[in-house]
Amino acid sequence: MQRLTKLYGIKACDACRKAKQELENAGHSVDFVDVRETPLSPDLLQEFNAQFGDALLNKRSTTWRGLSDSDREQAPLSLLKRHPT
C-alpha cells in the first residue's frame, strides 16, 4: 500500500528531485507542489516555521546570495513570502 506524501519544493532543484525519488523508492506516492507556481498559504508558512525555524531558509541558494544584509536580517516568514525559493 502506497502512502501519499506531499512534498513542497522547486521543480528545478536537484535536492527536491532527489527527495521525491527517494520517497517514491520508499513506497510513497508523492504529490509535489512547486512553491513558485503555488505559493504557500500564510497558515502553512506559520506551521512550517514553527517546525523548522531558520532551517526553512535555503541559505545556499542564488536568491539568498543576492539579498542585501538588511534583507537577510528579516524574519524568515517575511523573506519567504517575498522570495519562496
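Treat the numbers as computed from the prediction; the structure is a model and nothing was measured.

Caption draft 1: Focus on the overall build of the protein chain. Looking only at helices and strands, one finds five helices and two strands in the protein chain. Seen along its three principal axes, the alpha-carbon backbone of the protein chain occupies a region of about 50 × 25 × 20 Å. By residue count, 26% of the 85 residues in the protein chain fall in the buried class. Within the protein chain, counting contacts between residues at least 6 apart in sequence, those at least 24 apart form 49% of the total. Carbon and sulfur atoms provide 50% of the accessible area of the protein chain, an area that totals close to 6,100 Å². Positive and negative side-chain charges in the protein chain, numbering 13 and 12 respectively, have mean positions lying 4 Å apart.

Caption draft 2: Representation of the confidence of the model for the protein chain in the model. On average, residues of the protein chain carry a pLDDT of 91, and 98% of them reach 70 or more. Highest mean pLDDT in the protein chain belongs to strand 2 (residues 28-34) (96); lowest belongs to helix 5 (residues 76-82) (88).

Caption draft 3: Layout of the pairing of strand 1 (residues 3-9). Pairing analysis gives seven bridges linking strand 1 to strand 2, with the strands arranged parallel. Residue Thr-5 lies in a different strand from strand 2, and its bridge partner there is Val-30. The parallel pair strand 1 and strand 2, bridged by helix 1 (residues 14-25), forms a crossover whose chirality is right-handed.

Caption draft 4: Inspection of the nonpolar core at higher detail. Leu-45, Leu-57, Trp-64, Leu-67, Leu-77, Leu-79 and Leu-80 together form the largest nonpolar core, which totals seven residues. Considering each element in turn, this core owes the most residues, three residues, to helix 5. Excluding residues within four positions of it along the chain, Leu-67 makes contact with Arg-72, Leu-79 and His-83.

Caption draft 5: Looking closely at the side chain of His-28. Positionally, His-28 belongs in strand 2. Within the structure, His-28 has its side chain in polar contact with the side chain of Thr-5 (distance 2.7 Å). The contact partners of His-28, leaving out residues within four places of it in the chain, are Arg-3, Thr-5 and Leu-23.

Caption draft 6: Spotlight on the packing of aromatic side chains. The tally for this structure, following the rule as stated, stands at two aromatic pairs. Here Tyr-8 and Phe-48 contribute two aromatic rings whose centre-to-centre distance is 5.3 Å and whose plane-to-plane angle is 65°, an arrangement assigned as edge-to-face. Linking Tyr-8 in strand 1 with Phe-48 in helix 2 (residues 42-52), this pair joins segments that are 40 residues apart in sequence. Looking at Tyr-8, the relative accessible area reads 27%, which means it is partly exposed. Cluster of aromatic residues (ring-pair linked, three or more members): Tyr-8, Phe-48 and Phe-52.

Rules behind the numbers
- Residues numbered from 1 in each chain as written.
- Predicted model: local features only at pLDDT ≥ 70, side-chain atom pairs only at ≥ 80, totals over all residues.
- Heavy atoms only, no water.
- Helix = DSSP H or I, 4+ residues; strand = E, 2+ residues; numbered from the N terminus.
- Buried < 20%, exposed > 50% of the residue type's maximum accessible area, 1.4 Å probe, protein only.
- Contact = heavy atoms within 4.5 Å.
- Areas by Shrake-Rupley, 256 points an atom, 1.4 Å probe, with all protein chains shown as cover.
- Lys, Arg positive; Asp, Glu negative; His and termini not counted.
- Charge placed at Lys NZ, Arg CZ, Asp CG, Glu CD.
- pLDDT = per-residue confidence, 0-100.
- Pairing = 2+ DSSP bridges.
- Right-handed = clockwise from strand over helix to strand, strands pointing away.
- Core = buried A, V, L, I, M, F, W, Y, C linked by side-chain atoms within 4.5 Å.
- Polar contact = N/O pair within 3.5 Å; in protein donor to acceptor, adjacent residues only side chain to side chain.
- Phe/Tyr/Trp six-rings, centres within 6.5 Å; stacked < 30°, edge-to-face > 60°.

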